[in-house]
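The residues making up each chain are set out below.
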Amino acid sequence: MNFDATPVNINSILSIKKIYVIPRNQREFSWEKTQLEEFWQDITRNISLNNDEFTFNEYFIGTIVLAGTDSDKQLEIVDGQQRLSVITILLSLISREFRKLKEASLAEDIFKSYIVTVSSSLKRGSLDSKGQSLTEKIQRDTSKNYFKVSFQSEEDLSNKPETIEEKKIRYAGLYFKKQLQKRLLCKLLIKKSNHSYSNEDYAFCLNALYNMITNYLKVVKISVDSEDDAYDIFEVLNARGINLSSIDLIKNKVFQSCTTTFPIDEAKQKWDDIVNKLAETDTNETISSYIRCWWLSNIGYVGEEQLYRSFKRAISEKPTILSPEEFLDKIHKDIDLYIKIIEPSIEHWPQSDQIDIYRALNAINIFNVSIPRPFILSLLRLRRDFPKRIPQKDLILVLKRIEDFHFKFNSVCKLRPSGIDSTYSVLAIKVNSIANKTQRQDLVKELSGLFERRLPNEKTFCSELNKRIHYSNKKNQQGKLIRYIFEKLERILSNTDEINTGAYSIEHILPQSINNKHYMGTLGNLLPIGYDINERCGNKLLIDKISVYRQSRMNIVKRFLNEIDAQVADATEKGEDTSLCYDWNEDKIQKRTESLSSLIYSLFKP
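Report follows, based on the coordinates.

Quick notes on the rules
Residues numbered from 1 in each chain as written. Predicted model: local features only at pLDDT ≥ 70, side-chain atom pairs only at ≥ 80, totals over all residues. Heavy atoms only, no water. Core = buried A, V, L, I, M, F, W, Y, C linked by side-chain atoms within 4.5 Å. Buried < 20%, exposed > 50% of the residue type's maximum accessible area, 1.4 Å probe, protein only. Contact = heavy atoms within 4.5 Å. Helix = DSSP H or I, 4+ residues; strand = E, 2+ residues; numbered from the N terminus. Pairing = 2+ DSSP bridges. Salt bridge = Lys/Arg side-chain N within 4 Å of Asp/Glu carboxyl O. Phe/Tyr/Trp six-rings, centres within 6.5 Å; stacked < 30°, edge-to-face > 60°. Lys NZ or Arg CZ within 6 Å of the ring centre and 35° of its normal.

Thoughts on the nonpolar core
Next, step 1: With 114 residues, the main nonpolar core has Ile291, Phe327, Phe375, Ile402, Phe407 and Tyr549 as its most contacted residues.
Next, step 2: The residues contacting Phe327, other than those within four sequence positions of it, are Ile250, Val254, Ile291, Trp294, Trp295, Phe311 and Leu322.

Thoughts on the pairing of strand β2 (residues 19–22)
Next, step 1: Residues Ile19 and Val21 of β2 are buried on one face, and the alternating residues Tyr20 and Ile22, pointing to the opposite face, are buried as well.
Next, step 2: Across three bridges, β2 lies against strand β6 (residues 74–79) in parallel orientation. Opposite Tyr20, over in β6, you have Leu75 as the bridge partner.
Next, step 3: Two elements, β2 and strand β9 (residues 138–140), share three bridges in a ladder whose sense is parallel. Looking across to β9, one finds that Tyr20 is bridged to Ile138.

Considerations on the pattern of salt bridges
Next, step 1: Tallied over the full model, the rule gives 33 salt bridges.
Next, step 2: The partner of Arg373 in a salt bridge is Glu285, with the nearest N and O atoms 3.0 Å apart. Pair noted here: Arg373 is in helix α16 (residues 373–385) and Glu285 is in the loop between α11 (266–279) and α12 (287–298), with a separation of 88 residues, a long-range link.
Next, step 3: The partner of Glu446 in a salt bridge is Lys430, with the nearest N and O atoms 2.9 Å apart. Remark: Lys430 occurs in helix α18 (residues 420–432) and Glu446 occurs in helix α19 (residues 437–454); sequence separation between them is 16 residues.
Next, step 4: What makes Lys430 partly exposed here is its relative accessible area of 36%.
Next, step 5: Bridged by salt links that share partners, the residues Lys333, Asp334, Arg381, Arg384 and Asp385 form one connected network.

Quick notes on the packing of aromatic side chains
Next, step 1: Per the stated rule, a full pass over the model turns up 26 aromatic pairs.
Next, step 2: Their ring planes at 50 degrees and their centres at 6.3 Å tell us that Trp294 and Trp295 sit as a pair that is tilted.
Next, step 3: The buried category is assigned to Trp294, whose relative accessible area is 1%.
Next, step 4: Each member of the aromatic cluster is reached from another via a ring pair, and the members are Phe367, Phe407, Phe461, Tyr484, Tyr601 and Phe604.
Next, step 5: Above the plane of the ring of Trp349 lies Lys340, whose end atom (NZ or CZ) is 4.9 Å from the centre.
Next, step 6: For the cation-ring pair, Arg389 lies above Phe386, with the distance from its terminal atom to the ring centre recorded as 3.9 Å.

As for the side chain of Glu136
Next, step 1: Tracing the chain through its elements places Glu136 in strand β8 (residues 133–136).
Next, step 2: Among all residues touching Glu136, those that are not within four sequence positions of it are Ile19, Ile115, Val116, Lys148 and Gln152.

Some words on the environment of Ile335
Next, step 1: If you trace the backbone, Ile335 turns up in helix α14 (residues 324–342).
Next, step 2: You can call Ile335 buried: its relative accessible area is 0%.
Next, step 3: Along the chain, Ile335 and Met520 lie 185 residues apart, while their C-alpha atoms are 44 Å from each other.
Next, step 4: Residues contacting Ile335, with those up to four places away along its chain left out, are Ile274, Lys277, Leu278 and Tyr290.

Written out as structure tokens, the structure reads:
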């Protein structure tokens with residue numbers, strides 16, 4: 001491997017007549033506020049004003065890896081495109097500010113030295129007002145030209161950003177545009193408070209910033225003749241853990257193998273499709289989490305930091321476990337299944353006998369549990385590809401067991417899932433090889449054995465439910481979980497699916513206006529009742545609203561009323577004051593919480 005590593009400044013890279021191409025396998029522009037702020041602070045804190053003269057400290061901003069030879073007019077950016085893109089944005093904005101200050105010569109010098117290259121060839125659509133042919137120095141391999149029209153022209157010609165990348169590019173421009181405002185920039189560099197700054201002061205500061213960026217920002221430029229060697233260096237520089245750079249490394253390997261780009265770049269199209277589908281969800285899921293989930297579901301368990309190494313080993317072994325092309329095809333095919341897992345919708349399961357699939361997947365998301373996803377992904381994939389190998393009723397049975405286990409284990413008891421994630425991966429891979437009923441039954445037995453070993457006992461469950469499950473107007477984060485409990489309990493007690501999950505509210509038997517103690521929000525003080533009934537109850541005490549409760553059709557409410565009626569009948573028989581039966585207090589709330597907890601533990605069975 002032959003390469004040249006040279007410390008240079010930005011001027012030595014961007015001012016020469018070279019075109020730098022960001023290849024299709026590079027990640028999209030991804031800098032956000034944190035990175036932009038850090039970059040801006042790194043630049044400005046190395047500029048000092050002494051005796052009306054700016055001085056500068058050199059500042060190292062990392063490596064730039066380029067593929068190509070010195071004689072090439074076009075070089076490929078293997079690493080460093082984020083920094084070069086940001087520098088282009090900032091220099092473009094500085095050039096425009098100079099143009100506003102009537103410093104046209106300096107503005108044009110910046111633009112034609114660092115933003116575009118003046119070419120001797122005449123190319124249609126690239127001529128400026130002086131008849132010169134202009135070519136963008138940083139060229140992005142994309143069908144859209146948002147970066148070009150926003151920051152590689154003398155003025156901003158962009159339209160509304162559409163993609164996530166375009167929105168981040170726009171945000172970067174707006175961030176630096178704000179920092180370049182005359183008062184903010186002059187106050188930062190000249191450091192005079194309560195001072196009115198002139199255009200001369202502003203030009204002085206802009207020039208200092210321009211000088212700092214082009215002459216004092218230092219990089220190590222690594223030039224490699226071979227593209228493959230360049231990516232080997234890139235891997236060494238970036239292969240640390242499952243972060244953006246690790247996914248970039250996987251993407252690089254895939255795109256290096258998938259070289260067909262005409263008439264359609266299918267590899268880029270598939271990768272972008274995955275990214276866009278994840279972005280369209282109402283979740284924070286990224287392609288990183290998806291790819292690791294897919295890997296655990298198909299290849300084997302790896303820790304987050306080992307994903308890229310495992311991927312590289314899989315595509316390099318002889319015989320290969322899978323090729324990069326196969327990997328891309330499979331993750332593209334499975335992304336719709338993953339979406340069904342991370343953001344379940346009733347539309348995904350439209351048939352009446354599929355409602356339990358939706359409910360189980362939705363419940364697991366309510367519990368905020370992700371570790372069973374690789375296993376569930378394998379189940380859904382088997383059902384999609386080989387429906388006879390896992391009948392729908394068996395799929396529902398397994399999903400319900402997963403749901404009930406994680407309700408008790410995670411959602412209520414908050415136990416540590418050590419070892420369960422790796423076991424799920426093992427089971428997921430076994431799912432992929434199921435070919436008959438016996439293998440399917442053996443898998444269910446193994447899953448059930450795992451749940452039996454790790455399931456919390458009833459005493460622990462009841463104690464944790466009383467301690468952790470709480471709902472009030474001021475503390476309503478567990479509203480979805482409370483609704484899940486009541487809806488499932490209602491279905492079990494009613495032996496029907498006809499409960500309308502949106503047609504009720506959570507009623508506090510002892511009104512919240514009494515006090516804000518913890519027991520007021522526990523399960524024993526809550527009832528699911530219709531909105532109209534809830535409104536009529538207001539802040540009344542139980543004795544004043546029990547007749548309103550009797551209008552409810554909910555079996556949970558009827559069960560509560562039967563308990564009160566039994567107490568009244570008993571008091572009447574003993575000749576005692578029946579009004580005490582309606583005295584709803586902390587002790588009665590605690591007893592009802594314990595009773596409901598035991599009932600839920602026995603009925604919600606994995």
